[in-house]
Amino acid sequence: MWPMAKRKKPSSKAKKGKGGGKLWGFFKSQQTHLVFGVLVFSASIFLLISFYSFLHVWKKDQSILNDLSDKTLSAENVLGKLGATLADFFVYDGFGVATFLFPILLFFTGLYIILNIPVKQLYKPWFNGMLIMIWLSLALAHLKKDNELMGGKVGFEMNDFLQIYLGEIGVLLILVFSFLIFVILRFKITPQKIKSWLPNPPKRKEKPNILEEDVTDDGFVKGTTYESTDENTEEEIELEFDSFETVTGESLSSESHDLNLETVPEMTPKDPPEPSVRASEKIEKEEDIEIEVENPVFEEHTVENLSNTLLKDFGEFDPKLELSKYRFPELSLLKDYSNENIHINKAELETNKDRIVDTLNNYNIGIASIKATIGPTVTLYEIVPDAGVRISKIKNLEDDIALSLSALGIRIIAPIPGRGTIGIEVPNKKPSVVSMKSVLSAQKFQNTQMDLPIALGKTISNETFVVDLAKMPHLLMAGATGQGKSVGLNAVLASLLYKKHPAEVKFVLVDPKKVELTLYNKIERHYLAKLPDTEDAIITDTAMVINTLNSLCIEMDQRYDLLKNAFVRNIKEYNKKFIARKLNPENGHRYLPYIVLVIDEFADLIMTAGKEIETPIARLAQLARAIGIHLIVATQRPSVNVITGIIKANFPVRVAFRVTSKIDSRTILDFQGADQLIGKGDMLISTGNELTRLQCAFIDTPEVERLTDFIGSQRAYPHAHYLPEYVGEESGTGIDIDIEGRDKLFEEAAMLVVTAQQGSASLLQRKLKLGYNRAGRIIDQLEAANIVGPFEGSKARQVLVTDLATLQQLLEDEKN
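The notes below deal with the structure included here.

Definitions and limits used
Throughout, a residue's number is its position along its own chain's written sequence, starting from 1. Side-chain atom pairs in this predicted model are given and counted only at pLDDT of 80 or more, local residue features only at pLDDT of at least 70, and totals for whole chains, interfaces and linings cover all residues. Based on all heavy atoms of the structure, the side-chain values leave hydrogens and waters out of the count. For the purposes of this entry, the term helix denotes a DSSP run of H or I that reaches at least four residues, the term strand denotes a run of E that reaches at least two, and both are numbered from the N terminus. Relative accessible area decides the class of each residue, using a 1.4 Å probe on protein chains only: under 20% of the type maximum gives buried, over 50% gives exposed, and in between gives partly exposed. The contact rule is simple, with two residues in contact once any of their heavy atoms fall within 4.5 Å. To measure how exposed things are, a 1.4 Å probe is used in the Shrake-Rupley method; for residues, cover is taken only from the protein chains shown. Strand pairing is defined by DSSP finding a minimum of two bridges between the two strands. Nine residue types can take part in a nonpolar core, namely buried Ala, Val, Leu, Ile, Met, Phe, Trp, Tyr and Cys, and a core is a set of them joined through side-chain atoms within 4.5 Å. What makes a salt bridge here is a side-chain nitrogen of Lys or Arg within 4 Å of a carboxyl oxygen of Asp or Glu, nothing more. Only protein atoms enter the 1 Å grid used here. Points where a 1.4 Å probe fits but cannot escape make up a cavity, open sets with protein on both sides within 12 Å along at least five of seven lines make up a pocket, and a residue lines them when an atom lies within 4 Å of a point. Grid points are joined across faces, edges and corners, and a volume is the space filled by probe spheres set on the points. Any residue that is not Ala, Val, Leu, Ile, Met, Phe, Trp, Tyr, Cys, Pro, Asp, Glu, Lys or Arg is counted as polar, Gly included; the first ten are nonpolar and the last four charged. Side-chain rings of Phe, Tyr and Trp, where Trp is taken by its six-membered ring, are said to pair if the distance between their centres is within 6.5 Å; with planes under 30 degrees apart they count as stacked, over 60 as edge-to-face, and otherwise as tilted. Counting as a charge over the ring demands two things of the Lys NZ or Arg CZ atom: a distance within 6 Å of the ring centre and an angle within 35 degrees of the ring normal. Patch definition: residues with relative accessible area over 30% and no salt bridge; like charges joined within 9 Å; nonpolar side chains (Val, Leu, Ile, Met, Phe, Trp, Tyr) joined within 5 Å. Think of it this way: Lys and Arg go in the positive column, Asp and Glu in the negative one, and His and the chain ends go nowhere. To locate a charge, take atom NZ for lysine, CZ for arginine, CG for aspartate or CD for glutamate. Between the first and last residue of a helix there are one fewer steps than residues, each counted as 1.5 Å, and that sum is the expected span. Summarising the geometry, the arc corresponds to the directions from the helix axis toward the C-beta atoms. Fitted lines through C-alpha atoms serve as axes, helices being fitted only where they are in contact, and the angles separating the N-to-C directions of these axes extend from 0 to 180 degrees. We call two N or O atoms a polar contact when they sit within 3.5 Å, provided that within protein one can donate a hydrogen and the other can accept it, with sequence-adjacent residues counted only if both atoms are side-chain atoms.

Digging into the overall build of the protein
1) Next: A tally of regular secondary structure across the protein gives 31 helices and 15 strands.
2) Next: Buried positions account for 40% of the 816 residues belonging to the protein.
3) Next: Nonlocal contacts in the protein, meaning residues at least 24 apart in sequence, comprise 65% of its contacts between residues at least 6 apart.
4) Next: Accessible area for the protein stands at about 48,800 Å²; split by element, carbon and sulfur atoms hold 56% of it.

Right, dumping it as C-alpha cells:
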C-alpha cells in the first residue's frame, strides 16, 4: 500500500469561492444523484436489450459496422446502429455471452444511486462480477470453440494464449482450480466445514469370541443364528484357486520350446520355477554366434527396418498435428456479384460477325467458316480463310477491323496454335465479372492434386485457369499502374490460403508501397515467415529486404545440405521420406514447408538497393526451385535495368496486364499483344511458347480482410516461421570481444570448427544444439580470436587454424 498523504482542510478562502461552492453544491445535490442514477439505470436496460438482440442478428449487422455513416444501410438490431455497435464492442470484441453480467451490475448500481443507498456496498459485487465474467469468457471460449460468439475475442485470445503454453488439458485444469479457489474464498470454506458435511462413518460391530466347544458338528455356533455377510465368499475363493491351479508349467514349456530350453517343472504355489543352468548357457552361446557372424542383409536394411518399426509404432509423421483443428476458409467469405453470369447477345454476335466478314471482303479475303466463343470479357471469333489467303495479310488488317467494330482491345491471333484457324478477339460490350469465389469453387481447383495450385481467372472459353506454382517455378507479373497487378497478387495468395495448410506453405511478403499487403499481418503466426527479432512480418524497409533475401539464400543452402544427406533430389521426395520417418530429426532433418517470396514493385527496390537485391534474387531464381522456394515478382515494366537477363531467364511463366506500348509488351512476354488488352484484370499469361488470354479473378479488399480475419481468429503457432538470421557486412565482427565475456561453449565450438574446417553458425546449431542467435555470437567471438575469417555473404567462413594442436597453442597464448 502506498502511504496516504494527510488530507488538508480547505482554507476559508476556498470555502468562500463562488465557483467552487456552486460546483460542489451541484454534485452534492440530491437531484443530481437522481438524474445520474436514472442515466445509469437506463443505460443498463439499453445495453441488456441490445445485447439480447445482438445474439440473434449479429451476423447480419457485421456489414454495417464498417460504414456507420452510410444512411442507406440499416441495422437489424432492435436498437439500431448504436445498439449494434455497442453490442459488437462488448459481446463480440469483448467477453462474449459473459458480458451480460455487465448491464446486470450496472442495473443494480443505478438502482442503488436512485434509492440513495451507499454505492460502497457494490464494490465487492463489481469485483466478483468482473472475475466471474473473465472466467466465464475463458470457459465458454474453451468449451465452445466452434461458436466465436460464446467467449468473445477476449476469451478466444486468452484461451489461444494459454493453450500454446499449457495445452487443452492445462487450460481445463486452470478453469477447475480457479473455480474451486473462488468458491473457497467467497464462501469461506474450511476443512472443518467440509468434515461437518460428510456423513459419520458407521460403527464397527465387535465379533463375539467363539470357543471350540460352542461349535456344533455342522459348523454352527450353539444358541446363535449365523448369517454370512458375504454370500459369494466361498464361490470367489474357489474361482481364485481354480485360476491359480491353471497356471502350470505346461504353458511355460510351450513358450520355452522355441528357445530349446529344458522342460520347466510344473509350477505350484510352493514350488516356483527356477531357470535352468543349461538353458542360460545355450542362450549365451546363441548370442555369441549372432555377434560373431556377419549378416550383410541386416546391415543393409537396418535403417529401413528401423523406420518401418517407427512407422508401425507411431504412424506417419503429421506436420499438421500442431494445428490439427485448423479450419480452411469458407467460400462464403467471398462475394457474389450480380453481373457474374455470361449473357449471350445474339444481335451483338451477328453484327460483329457481319462487320468482320465485310471488312475482310473489302480486301478480297474470303472466309470459309466463322464461329464465336464467348468469354467473360472477350469473344473469340475463329475464322477459316479460303485457300491461298496469306495469314500476314489478315494480321495487317488489325486496325481496320478495330475501326469497323468501333472497339478497343482487338487482338488477332494468326494462327491459333493447334487449331489451324485464325482468331480475332473482340471485347464484349457488357463484360462479366470473374469473382474469386466462382474460380475457387470450380471443380478443377477443388479436386486438383497440384503442390501449389493457383487459380488466376477464366479463359475466353470460360474455363477456370489453374496452374501449379511449384512447376513454374517462379512468376513474373507486370503491367501499367492500375491495371490489376495488386488484385492478381491477392488472387495468388488467396488461392494458396484456400488450399494449403499453415504447416505446408509460408509466405515472405515484401511491400515497398507499405499499403498493398498490410492486411496479411493478421495471419503472421499462421502463414508468414520473417527474420528473428523483427517486429513486422510484412517487409517494407529496403535494408530488411536485403537481409531477408540473403537469409533465404542461407535457408536454400541449408535445405540443399539436407537433401544431399537424405539422398533425394527435391523437396517433395524429401518430405515424403521425412513423413515416413526415414530421416532422423536428431541429424538436423525437419519437415520443409514451401516458401513463397512475393515482391511488389520490384523496380523500386532495384532503384534503391541495386546489386544488393539483384545478387540474392538471381541465386534464388536459379537454384531455389528444387528446395521449395518460389518467387512471385511484380513490377510495372521489367526492363533490362530492372530485371536482368539471368533473372528473366528463370521466370518462364510471365503475366502481363495492360501496357501502353508494343515495346513494353515485348519486354514482358517477348510477344506483342499486352498493349491491346482492355484493362481491369484483362491479362495475358505466357507459359513458355503458349500465350493465353485470361480475365483475372477479382477479389476486393473487404474480401481479403474477411479472409485474413477468419484465419487470424484461429489458434496459431507461437510465432511466425523464423528464417535463418543474417548479419550484414555493416554489422560485421571486427570488434574485439573480451575473453572473460566469451561463451561457455567457446572452446568446444572452436574445436568443432577446426575439426570440420567449416566456420558457420548452422554447424554449431546442429552439433551443439544451440539457437541461431547464440551460435552467431560464438562465430563472432571466433572471428575476434582469429580462428575463423570475416563474413563472406552466404558462404561459410574460412577457418584460419589448420589443426587442434595449433588451436590449443593459440588458446593458451591468449590466457597467458
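Comments concerning the pairing of strand E6 (residues 464-468)
1) Next: Counting buried positions over the 5 residues of E6 gives 5, a clear majority of the element.
2) Next: Residue alternation in E6 divides its side chains into two sets, Thr 464, Val 466 and Asp 468 and Phe 465 and Val 467, and both sets are buried.
3) Next: The loop that links strand E5 (residues 453-459) with its antiparallel partner E6 comprises 4 residues; one of these, Asn 462, has a positive phi angle of about 65°.

So, the nonpolar core
1) Next: Among the nonpolar cores identified, the biggest contains 104 residues, and Phe 507, Leu 597, Ile 613 and Leu 620 are the most heavily contacted of them.
2) Next: The leading source of residues in this core is helix H21 (residues 542-566), at 9 residues.
3) Next: Beyond its immediate chain neighbours, meaning those up to four positions away, Leu 620 contacts His 474, Leu 549, Leu 552, Cys 553, Met 556, Leu 597, Ile 629 and Leu 631.
4) Next: With 20 residues, the next largest nonpolar core counts Val 753, Leu 768, Val 799 and Leu 807 among its residues.

Comments concerning the environment of Gly 155
1) Next: Within the fold, Gly 155 resides in helix H7 (residues 148-186).
2) Next: Here Gly 155 falls in the buried class, since its relative accessible area comes to 0%.
3) Next: When the C-alpha positions of Gly 155 and Gly 96 are compared, they lie 7.4 Å apart, and in sequence the two are 59 residues distant.
4) Next: For Gly 155, the residues in contact, after removing those within four places along its chain, are Gly 94, Ser 137, Leu 138 and Ala 141.

Structural notes on the pattern of salt bridges
1) Next: Tallied over the full model, the rule gives 23 salt bridges.
2) Next: The partner of Glu 504 in a salt bridge is Lys 320, with the nearest N and O atoms 3.7 Å apart. Of this pair, Glu 504 sits in the loop between helix H19 (485-499) and strand E8 (505-510) while Lys 320 sits in the loop between helix H13 (302-314) and helix H14 (346-362), placing them 184 residues apart in sequence.
3) Next: According to the relative accessible area criterion, Lys 320 is partly exposed, its value standing at 31%.

Some words on the layout of surface pockets
1) Next: A volume near 1,300 Å³ is recorded for the second largest pocket.
2) Next: Along its surface, the second largest pocket is lined by 37 residues, and Gly 588, Arg 590, His 721, Tyr 722 and Gln 765 are the ones closest to its centre.
3) Next: Of all the secondary structure elements, the ones that give two or more residues to the lining of the second largest pocket are H21, strand E15 (721-722), helix H29 (761-768) and helix H30 (772-784).
4) Next: Here the residues of the lining of the second largest pocket are counted per class, giving 18 nonpolar, 10 polar and 9 charged.

A word on the packing of aromatic side chains
Both the distance between ring centres and the angle between the ring planes are used here to describe each pair of aromatic rings.
1) Next: Within the structure shown, the criterion is met by 14 aromatic pairs.
2) Next: Linked through ring pairs, Phe 51, Phe 89, Phe 90, Phe 100, Phe 102 and Trp 126 together constitute an aromatic cluster.
3) Next: Positioned over the ring face of Phe 445 is Lys 499, at 5.5 Å from the centre of the ring.

Observations regarding a positive patch on the surface
1) Next: A contiguous patch of positive charge on the surface is contributed by Lys 124, Arg 186, Lys 188 and Lys 193.
2) Next: The topology assignment puts Lys 193 in helix H8 (residues 191-197).

Focus: H14
1) Next: Compared with an ideal rise of 1.5 Å per residue, which puts 17 residues at 24 Å, H14 spans 24 Å between its outermost C-alpha atoms and is within 8% of the ideal.
2) Next: Every buried residue of H14 is accounted for by Glu 348, Leu 349, Asn 352, Ile 356, Thr 359 and Leu 360. Along the axis of H14, the buried residues cluster in a sector spanning 105°; they form a single face. Of the exposed residues in H14, those oriented more than 90 degrees away from the buried face are Lys 346, Ala 347 and Asn 362.

Brief notes about the pairing of strand E1 (residues 367-374)
1) Next: Of the pairings in the sheet, the one linking E1 to strand E2 (residues 378-385) comprises 7 bridges and is antiparallel in character. The partner of Ser 369 across the bridge, within E2, is Val 384.
2) Next: Remark: 3 residues form the turn of the hairpin made by E1 and E2, two consecutive strands paired antiparallel.

Side note on the sheet that holds strand E4 (residues 422-427)
1) Next: Overall, antiparallel pairing links the 4 strands, which are arranged E1-E2-E4-E3 in an open sheet. Sheet topology places E1 and strand E3 (411-413) at the edges, where each strand pairs with a single neighbour. Across this sheet, the average inter-strand angle for adjacent strands is 20°, counted without regard to direction.
2) Next: The sheet contact formed by E3 and E4 spans 3 bridges and is antiparallel. Within E4, the position partnered with Arg 411 by the bridge is Glu 425.
3) Next: Against the sheet, H14 makes contact with E1, E2 and E4, and its axis sits at roughly 40° relative to E2, the strand it touches most.

Comments concerning the side chain of Thr 109
1) Next: In this structure, Thr 109 sits in helix H5 (residues 101-114).
2) Next: The buried category is assigned to Thr 109, whose relative accessible area is 10%.
3) Next: Among the polar contacts made by the side chain of Thr 109, one reaches the main-chain carbonyl oxygen of Leu 105 at a distance of 2.7 Å.
4) Next: At a separation of 2.9 Å, a polar atom in the side chain of Thr 109 contacts the side chain of Trp 126.
5) Next: Residues in contact with Thr 109, not counting those within four places in the same chain, are Val 40, Leu 122 and Trp 126.

Describing the side chain of Ser 50
1) Next: In this fold, Ser 50 is placed in helix H3 (residues 30-65).
2) Next: Judged by its relative accessible area of 0%, Ser 50 falls in the buried class.
3) Next: Here Leu 47 takes part through its backbone oxygen, which lies 2.9 Å from a polar atom of the side chain of Ser 50.
4) Next: Leaving out residues up to four positions away in the same chain, Ser 50 has contacts with Asn 77, Leu 79, Gly 83 and Ala 87.

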